[in-house]
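Architecture and fold: a report
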Amino acid sequence: MECEVCGNDYDKPLLIEYQGQEHTFDCFECAITALAPKCANCGTRILGHGDEAQGQIFCSAHCAGVAGFSGLRDRI
Ligand SMILES: [Zn+2]
Ligand SMILES: [Zn+2]
């Protein structure tokens, strides 16, 4: 199975179903690259719970605040 991010042919691929679609990766790093949402402010990959505001996702309440959304609290 070929990793859909880097094309590496790996005999023990990660098969991840995400939002109804099957994806094939050779490692978690590639899965994260393909699937993890990015903070709308700083572009950081969001691996845990992000903060969502009006359809945009942020890595932290700080970034949401920078983008003009206040009242969000960090969930750690
Ligand atoms: Zn890969
Ligand atoms: Zn951020």
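1. Focus on the coordination of the zinc ion (ligand 2)
The zinc ion (ligand 2) binds to the protein through Cys39 (SG), Cys42 (SG), Cys59 (SG) and Cys63 (SG); the donor distances cover 2.3 Å. Around the zinc ion (ligand 2), the 4 donor atoms sit at angles spanning 105 to 114 degrees, and that spread fits a shape best called tetrahedral. Each donor residue of the zinc ion (ligand 2) belongs to the same chain, and together they define the spacing C-x2-C-x16-C-x3-C. One end of the pair, cysteine 42, is in the loop between helix 1 (28-35) and strand 3 (51-53); the other, cysteine 63, is in helix 2 (residues 61-66), and 21 residues separate them in sequence.

2. What to know about helix 1
When helix 1 is considered as a whole, its buried residues turn out to be Cys30, Ala31 and Leu35. Axial view of helix 1: buried residues confined to an arc of 115 degrees, hence all on one face. The inward-facing, buried residues of helix 1 contact strand 1 (14-18) and strand 2 (21-25).

3. Topic: the packing of aromatic side chains
For the coordinates displayed, the defined rule picks out 1 aromatic pair. Aromatic side chains phenylalanine 58 and phenylalanine 69 sit 5.6 Å apart centroid to centroid with 55 degrees between the ring planes, which places their arrangement in the tilted category. Placement of the pair is phenylalanine 58 in strand 4 (residues 56-58) and phenylalanine 69 in the segment after helix 2, with a sequence separation of 11 residues. Judged by its relative accessible area of 17%, phenylalanine 69 falls in the buried class.

4. Looking at the coordination of the zinc ion (ligand 1)
Cys3 (SG), Cys6 (SG), Asp26 (OD) and Cys30 (SG) make up the full set of protein donors to the zinc ion (ligand 1), lying at 2.0 to 2.3 Å. Each of the 4 donor atoms around the zinc ion (ligand 1) contributes to a set of angles spanning 95 to 122 degrees, which defines the coordination as tetrahedral.

5. Focus on the side chain of histidine 23
When you line up the elements, histidine 23 lands in strand 2. Residue class for histidine 23 comes out buried when judged on its relative accessible area of 12%. At 2.8 Å, the side chain of histidine 23 and the side chain of glutamate 4 are in polar contact.

Parameters at a glance
Residues numbered from 1 in each chain as written. Chains lettered and ligands numbered in written order. Predicted model: local features only at pLDDT ≥ 70, side-chain atom pairs only at ≥ 80, totals over all residues. Heavy atoms only, no water. Donors = N, O, S within 2.8 Å, 3.2 Å for Na, K, Ca; no water. Tetrahedral: all angles 85-135°; square planar, octahedral: opposite > 155°, others 65-115°. Helix = DSSP H or I, 4+ residues; strand = E, 2+ residues; numbered from the N terminus. Buried < 20%, exposed > 50% of the residue type's maximum accessible area, 1.4 Å probe, protein only. Arc of directions from axis to C-beta. Contact = heavy atoms within 4.5 Å. Phe/Tyr/Trp six-rings, centres within 6.5 Å; stacked < 30°, edge-to-face > 60°. Polar contact = N/O pair within 3.5 Å; in protein donor to acceptor, adjacent residues only side chain to side chain.

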